[in-house]
Amino acid sequence: MKVFLLHTVRPGLNRFEKLLKERYPHVRPRNMLDDFWIREVEEHHRFTENCRRHLLEVCASMERSGADLIVCTCSSLTPYLDDVRKFLEIPVVAIDETMAARTLEYGDNILVMATADTAIDAAVQQIEEEARRQNRNVNIGTLLLDEAGQIMRGGGDMAEHDRIILESFRNMGENKYDVIVCAQLSTSHLAEEIGRITRTPVLTTPMLCIEDLKNYIPDEPSPSDKSALHVDSSAI
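Residues numbered from 1 in each chain as written. Predicted model: local features only at pLDDT ≥ 70, side-chain atom pairs only at ≥ 80, totals over all residues. Heavy atoms only, no water.

1. Quick look at the pattern of salt bridges
- Counting across every chain of the model gives 20 salt bridges.
- Note that E130 is salt-bridged to R133, the shortest N-O span being 2.7 Å. Pair noted here: E130 and R133 are both in helix α6 (residues 117-133), with a separation of three residues, about one helical turn.
- For R133, a relative accessible area of 60% corresponds to the exposed category.
- Residue E192 is joined to R196 by a salt bridge in which the shortest nitrogen-to-oxygen separation is 3.1 Å. Placement of both E192 and R196 in helix α9 (residues 191-198) is noted, with a separation of four residues, approximately one turn of the helix.
- A single network of salt bridges, built from pairs that share partners, joins D35, R39, E42, D146 and R153. (Salt bridge = Lys/Arg side-chain N within 4 Å of Asp/Glu carboxyl O. Helix = DSSP H or I, 4+ residues; strand = E, 2+ residues; numbered from the N terminus. Buried < 20%, exposed > 50% of the residue type's maximum accessible area, 1.4 Å probe, protein only.)

2. Re the packing of aromatic side chains
- The final tally for this structure, using the stated rule, is two aromatic pairs.
- Measuring from ring centre to ring centre gives 6.3 Å for F36 and W37, while their planes differ by 85°; the resulting arrangement is edge-to-face.
- Pairing F47 with Y80 gives two aromatic rings, centres 3.7 Å apart and planes at 5°, and the pair type is stacked. Here the residue F47 occupies a position in the loop between α2 (36-44) and α3 (49-64), and Y80 occupies one in the loop between β3 (69-72) and α4 (81-85), the gap between them amounting to 33 residues.
- For F47, a relative accessible area of 16% translates into the label buried. (Phe/Tyr/Trp six-rings, centres within 6.5 Å; stacked < 30°, edge-to-face > 60°.)

3. So, the sheet that holds strand β2 (residues 30-33)
- The parallel open sheet is built from four strands, whose spatial order is β2-β1-β3-β4. Only two strands of the sheet have a single neighbouring strand rather than two, namely β2 and β4 (92-94). Looking at each pair of strands side by side, their axes are set apart by 20° on average, direction ignored.
- Examined bridge by bridge, strand β1 (residues 3-7) and β3 share four bridges and lie parallel to one another. The residue of β3 that forms the bridge with L6 is C72. (Pairing = 2+ DSSP bridges. Axes fitted to C-alpha atoms, helices over the stretch in contact; angles between N-to-C directions.)

4. Details of the packing of helix α7 (residues 146-153) against helix α8 (residues 158-170)
- Contact geometry of α7 with α8 gives a least axis separation of 9 Å together with a crossing angle of 165°. Overall, the two elements α7 and α8 adopt an arrangement that is roughly antiparallel. Our pair here, α7 against α8, has a crossing hand that is left-handed. Contact residues: E147, A148, I151 and M152 in α7; M158, E160, H161, I164 and I165 in α8. (Parallel < 35°, antiparallel > 145°, perpendicular 65-115°, else oblique. Left-handed = near helix turned anticlockwise from the far one by under 90°. Contact = heavy atoms within 4.5 Å.)

See the structure below:
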């Protein structure tokens, strides 16, 4: 099975691929890294028509290249994937597809943390929509750490990126939330430490997505997958 992964930042690429291979060792994913959307939004301060067009073009190219499944690892793109799905015959899965429903299992007081405002907006929108479906009133706080985001988007020191995020939680004061959502793949590796600092459950989109992919990826490799694995191992 050919699984294509669409990334917008480099730090998340290897991390998500590693998680995917650990859960589905017979899958050999193809990665595409494209920061077009980040640069376009930085310039125009909105998701432009060019962004929509480019997203469709990229996903359509993946389908033409033989993809059986596309996984988008950038939560900022989630609100626009429905427009893409209309034109493709293969599944397109968002990294945060089931995040909202899982978040509400923990309570109604929720903190969403991200280093990009587009990621926060997408997460908040999904949680609010899910709350309306469940006829629940929720209190959603947000923590935008743009300084850390600038470091990541600029290819800077990721150790400093991590320090800024963790220090923000140390300085947050008394925690009033039932659950904290790390709304980006690029911050998911900090979940355990954030949980220790805040003594609060922390959800990350990658692990939820990896588990949900069982609905698309068979547990056993197909004959073509076995052949690819054999080629890979003999080439090492």
